[in-house]
Amino acid sequence: MASRKDVQDIMGLPAGSVPPVPVPKASKMQPPKHRKTGLNRELEALYGERLPPVSIVDSKKVYRSKLTRDGPAVKWSRNRFSNPARIDGLKLRHWRPKRIADDDATSDSEQDYSFAKYNIQVTGPQYNDEEYTKLLKDDDWSKEETDYLVETVKQYYQKWPVIHDRYEYIPSNAENLPSQTIDDTIDTENANPSQQTPMALAKARTMEQLKSRYYTVCRVSMELQTPGGVQNMNEAEFQLHDTLRSYNPDRETRRKELAASLLNRPIDEIKEEESLLVELQRIQIAQPRIEGEREAIRAALEVDTKPSAAGASASPPSSSQLQQLFNHLYQNERNKKRGGGGGRLSLAPGDILQSPVMGSANGTPITSGGRDSFGNNQKRNSIAANGTQEPIRRLTPRQEARFGITTHERIVSGISFRTDKLSKMRVAKSQTQTSKISAVLAELGVPDILTLPSDKVCASFEALIKSVLALVEARKALEKEKGELKVLTQMKIQKEGGGQGVNGTAGPGTDGAGDKKADSEPAANDELDADADADAEGDEDASEAVPEAEDDDMDADPDVEVDEDAEDDAEGEDEDEDVKEEMAADDNTEIESSRPRSSRSNQKRSASVLSALSGTSSRRQKR
Amino acid sequence: MAVPNQFSAPVAEYGGDEVSALVLDPGYSTVRAGFAGEDVPKSVVPSHYGLLSSGEKLYGENAVHNPLAKMEIKSPYTSDGIVEDWETATKIWEWSITSRLTGQSENKRNGYVGDKNGNGDGDVDMEAAEAVEEEEKPMGDAPLLMSEPGWAQGKLREKSLEVAMEEWGSPAFYLARTGVLSAFSMGKSTALVIDIGASTTTVTPIVDGMALRKGIQKSPLAGNFVSNQLRLIFQQSPTPVPLVPHYMVQSKTPVDAGVPSAATYKKFETPPTDSFRHFEEERVLTEFKESVVQTWEGPGPLAQSEEHVKNFPGRPFEMPDGWNQVFGVERYKAVEGLFDAKAAIADAESPAPRQDQCIVELVRASLNAVDVDIRANLLANVVVVGGSSLLVGLNRRILNQLEAAFPGPKVRLSASQNTVERKYASWIGGSILGSLGAFHQMWISKREYEEHGTSIVDKRCK
């Protein structure tokens, strides 16, 4: 065997560089292995290599360690003891460990009986005869009975159900009435007759009567006992005094009647209450979910209406779109229901009838507020709610106009959108006419979508459309006439030219005359037109004049009336003024209606009116 | 902290202080007696006694069931549970204590106390000298706590005190109402106790450990009533059921159901009296009640669901003479009278009960007699005790009916599952009360009795 030195030599290490490693003494350090004996050993052999599925605990360890006593067993003795809570000196015996000090175990070794402290006596109110007659006299209660009451309360530890149960006051006979004599000295007249007859029978007192009397006695006694009266009482005393004073037997009786009726409710009422409570709980639990659902619906609506709110390119939410939205929500709802748990806000197919979506398209809303957004809806609801609360108020026409209230003889059920109505008006029977109308409207500068289709705006738009249609019709007729005229002149020229060749030289002159004639024809036509226009304009003016006037009222022209809308800015006023001027001009033209006018100017005017209108509308919307 | 064990001192909160008081709980059927602090009465003795023709009275289980010639079986109670024959009743009560608990000749041996503690090697001789003056009285050593029915008034109570002091020489005495003690046995101080005993059913409202007298209701519809119902059922059935007590049967051979028995009967030179036979028949009926009779649990009375009940499996019962039969709907009918007076079986001798004697009506009457504020509390603490309450399904029926009668307040019924605790509830309550340290100021001592006379019982034992 090679020693360490040999290895060092081979490796070329200097001798002694590695400290000598102590040889580990393995076997000595390890704890002695517990040798299992008997059955345990054999059991362990059966396990083989694997660990047992259940660990086997040596059951010896479970037992409690053996009790070790230092010294001899404690001796017990049966001692006599006296109970300080007793006054008769009864001596009972019980077993107690004998103490080493008093080996002889004298009978009175235990002076302090530990249970004596539970001997608690109730204190009652105290009063003497003089105090009684002065402060506590009561026609219904003799002193004797009061004493009995106070004693009973004390005896039954102020447990009122028991006191009431055991209260059996049998008044002393009429022959020996000690209380009577006392009473006699105080007031002889009215005390005697009232006390003698009814008190002879044992009076059945209600608990309220007992309590009321006892509390009165207690209160008076408290007042007597406290030197300075009520003022000198401390907090607790004062509170007690106050409680005693505020006892109301009538109220207590009523309360007990109520309690009894509550206790004896029939099963139906209890079931109803239970079901209501369950319903309440359900609603409370579902509240967040319902809120969430509502929020979702609102959000969905907002997304749909946003483009129209912007007033730009997209179309307003038409009924078909809302129908789509409804279907979408309904589908969602059904899916949720299938998932379990329908909320309060669940939609049913029947709901569609009541929902605003399906209202007839030409129905008129009762109130004409702003655009139908949900925010407005809420506001309107609140207004409606207020309206139901307050009695109906007569509004002046001006106020009606201001608040946008209109009355209708017949209200078509359901809700429709004005934008729908407006867009329908733009469409004529034929395509060409439709395009013509839109061309005219574009010429006038009327936008595709009116930003604020208020009632008045709608009315004037309708009138405008009417006149536009008339214009278009007139133009059509003009074109037709023109064409016919042309054909006829051509025919005439041909006829003349064919008949006298001389006339050919005078062509230009005749041409001029023809032209003149032709010119006069259109002029006549124009006049016709103008007449038609004038009619239309007249209509338009009439229809426009009213809205304008109303508008003025609404927008509070400072000239016309006291400013109601303080927010109205100067610009708006200016525009209003413009409108007024134009209206004045319009009036003039109407007066001079015989004078032929160009429809052009009329168109221009109405366009300006419209722009002014739309200007006010946009302002209103801005607000 | 060391775990308390049998060697460690009792914890400070422990309210017990055993003065080896005797607890005596007399009832119509049995008299229970034992030491306060124990959990069951050591001595349970029948309240009936045997009266020989010579005038000698025999007490105790062994004597009354012995078929002697010319022995009348009598009870000191009237049929509605009131002590009539005070002299004999006193003797029976005394016998229940002296036969098992204290011994006839007093105080020579005190082993009964010493055995209770683990190391009872303390000297017991020391009080032998002290007890000398009380030696002639059988129970002069220990205070006596006695129970009384809730309706007991005036004279009855004073009589008990007088007997205990004058005849038994008790150093101290206390009289507690059974209802209160039963409530204590269930650990309640406020309760509505329904005690269904042998002769009477009592409903006692208890507030803070005191019975409300005006609310106590009692009715004769109890265990004996059920036994009578059974007798009537046996008589009125198409094939009358033979009721043969054990003592008459020499040997029996098995027979088929419904077939007359083929037993050989004992021959007596002078057959025992009718009262003895009746008494023994009651034992058979008791067995029948224990093993066959069942209560229809509701909802509604049995009459409504009788067709349904007829499909229930029957129970066989074999009489001591081998006659046997399977009992079907009859076993439900015997108890129905406790709840539904119309369903009670009646004949000329035993008239039908009134509806206001039925258990739920008793409860209603009891509640109506107490203040409205405590009614809900009482209904939440209904305690059912008494040997006859062990009839199968009785508690469920009571609960169902109470819930139907009082739909508003919460009705909670507590009854021990342990038959001993149910049968001896009032004794156990007395045992608890008599071993409380704080109770020892309540005893009426001999000196107080001598000073105040019997009237003190009304003052002290409220």
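This text follows the structure it describes.
Notes on the structure in this doc start here. Just so we're clear, the structure is a prediction, and the values are computed from it rather than from any experiment.

### Thoughts on the overall build of chain B
Inference 1: Broken down by element type, chain B carries 17 helices and 19 strands.
Inference 2: Within chain B, the proportion of its 462 residues that are buried is 56%.
Inference 3: When contacts within chain B are restricted to residue pairs at least 6 apart in sequence, those whose partners lie at least 24 apart make up 68%.
Inference 4: Total accessible area on chain B stands at roughly 19,800 Å², and carbon and sulfur atoms take up 51% of it.

### Here we look at a negative patch on the surface
Inference 1: Where like charges cluster on the molecular surface, the negative patch consists of Glu 87, Glu 162, Glu 166, Glu 167 and Glu 450 of chain B.
Inference 2: Element by element, the count of residues in the negative patch is highest for helix α5 (residues 154-167) of chain B, at three residues.

### Observations regarding the packing of aromatic side chains
Inference 1: Applying the stated criterion across every chain, the model contains 24 aromatic pairs over all chains.
Inference 2: Judged by centre distance (5.1 Å) and plane angle (65 degrees), the rings of Tyr 148 of chain A and Tyr 167 of chain A are edge-to-face. Within this pair, whereas Tyr 148 of chain A is found in helix α5 (residues 143-155), its partner Tyr 167 of chain A is found in the loop between α6 (160-166) and α7 (178-186), the two being separated by 19 residues in sequence.
Inference 3: On the basis of relative accessibility, which here comes to 26%, the residue Tyr 148 of chain A falls in the partly exposed class.
Inference 4: With a relative accessible area of 6%, Tyr 167 of chain A lands in the buried category.
Inference 5: Plain terms: the ring middles of Phe 312 of chain B and Tyr 332 of chain B are 6.0 Å apart, the flat faces sit at 70 degrees to each other, and that makes the pair edge-to-face. Pair noted here: Phe 312 of chain B is in the loop between α9 (306-309) and β15 (315-318) and Tyr 332 of chain B is in helix α10 (residues 330-336), with a separation of 20 residues, a long-range link.

### Points about the sheet that holds strand β19 (residues 444-445) of chain B
Residue and element names in this part refer to chain B.
Inference 1: What the six strands build is an open sheet, ordered β3-β2-β1-β7-β8-β19; its pairing is mixed. Strands with a single pairing partner mark the edges of an open sheet, and in this sheet they are β3 (43-46) and β19.
Inference 2: Bridging between strand β7 (residues 144-148) and strand β8 (residues 172-177) involves five bridges; their strand directions are parallel. Paired with Leu 145 across the bridge in β8 is Tyr 174.
Inference 3: Docked against the sheet, helix α15 (residues 425-434) engages β1 (22-26), β2 (30-35), β7 and β8, running at close to 25 degrees with respect to β2.

### Some words on the packing of helix α7 (residues 223-236) of chain B against helix α8 (residues 274-291) of chain B
All names here are of chain B.
Inference 1: Direction vectors running N to C along α7 and α8 enclose 95 degrees, while the axes themselves pass 10 Å from each other. Here α8 runs roughly perpendicular to α7, going by the angle between their axes. Every residue of α8 that contacts α7 at Gly 223, Asn 224, Val 226, Ser 227, Leu 230, Arg 231 and Phe 234 is listed here: His 278, Glu 281, Glu 282, Leu 285, Phe 288 and Lys 289.
Inference 2: Of the residues assigned to the contact of α7 with α8, the class counts are five nonpolar, four polar and four charged.

### As for the interface of chain A and chain B
Inference 1: Listed per partner, the contact involves 46 residues of chain A and 53 residues of chain B.
Inference 2: Across the chain A-chain B interface, the total number found is six salt bridges.
Inference 3: Of all the secondary structure elements, the ones that give two or more residues to the side of chain A that touches chain B are β1 (76-82), β2 (91-97), α6, α11 (249-263) and α12 (267-310) of chain A.
Inference 4: Within the side of chain A that touches chain B, the residues separate by chemical class into 24 nonpolar, six polar and 16 charged.

Criteria and thresholds
As a convention, each chain's residues are numbered from 1 in the sequence order in which they are written. In the order they appear in the text, chains get letters beginning with A and ligands get numbers beginning with 1. Reporting of local features is limited, given that this is a predicted model, to residues whose pLDDT is at least 70; pairs of side-chain atoms are given and counted only at 80 or more, and all residues count toward the totals for whole chains, interfaces and linings. Excluding hydrogens and water, the side-chain figures rest on all heavy atoms present in the structure. Secondary structure elements follow DSSP: runs of H or I no shorter than four residues count as helices, runs of E no shorter than two count as strands, and numbering proceeds from the N terminus. The classification of residues rests on relative accessible area computed with a 1.4 Å probe and restricted to protein chains. Under 20% of the type maximum is buried, over 50% is exposed, and intermediate values are partly exposed. Contacts: residue pairs with any heavy atoms within 4.5 Å of one another. Only the protein chains shown count as cover for residues, with accessible areas throughout obtained via the Shrake-Rupley method and a probe of 1.4 Å. In this scheme, patches are assembled from residues that exceed 30% relative accessible area and form no salt bridge. Like charges are connected within 9 Å, while nonpolar side chains (Val, Leu, Ile, Met, Phe, Trp, Tyr) are connected within 5 Å. In what follows, salt bridge is the name for a side-chain nitrogen of Lys or Arg lying within 4 Å of a carboxyl oxygen of Asp or Glu. We treat Lys and Arg as the positive residues and Asp and Glu as the negative residues; His and chain ends play no part in the count. Charge placement uses NZ in Lys and CZ in Arg. For Asp and Glu, CG and CD serve respectively. For this analysis, a ring pair means two rings from Phe, Tyr or Trp (six-membered ring only for Trp) whose centres lie within 6.5 Å, classed as stacked if their planes differ by under 30 degrees, edge-to-face if by over 60, and tilted for the remaining angles. Following DSSP output, two strands are said to pair if at least two bridges run between them. Between the N-to-C directions of two axes lies an angle of 0 to 180 degrees, each axis being a line fitted to C-alpha atoms and, for a helix, fitted only over the stretch in contact. Any angle that is under 35 degrees is reported as roughly parallel, and any over 145 degrees as roughly antiparallel; angles of 65 to 115 degrees are reported as roughly perpendicular and all others as oblique. Each residue is assigned to one of three groups, with Ala, Val, Leu, Ile, Met, Phe, Trp, Tyr, Cys and Pro labelled nonpolar, Asp, Glu, Lys and Arg labelled charged, and all others, Gly among them, labelled polar.

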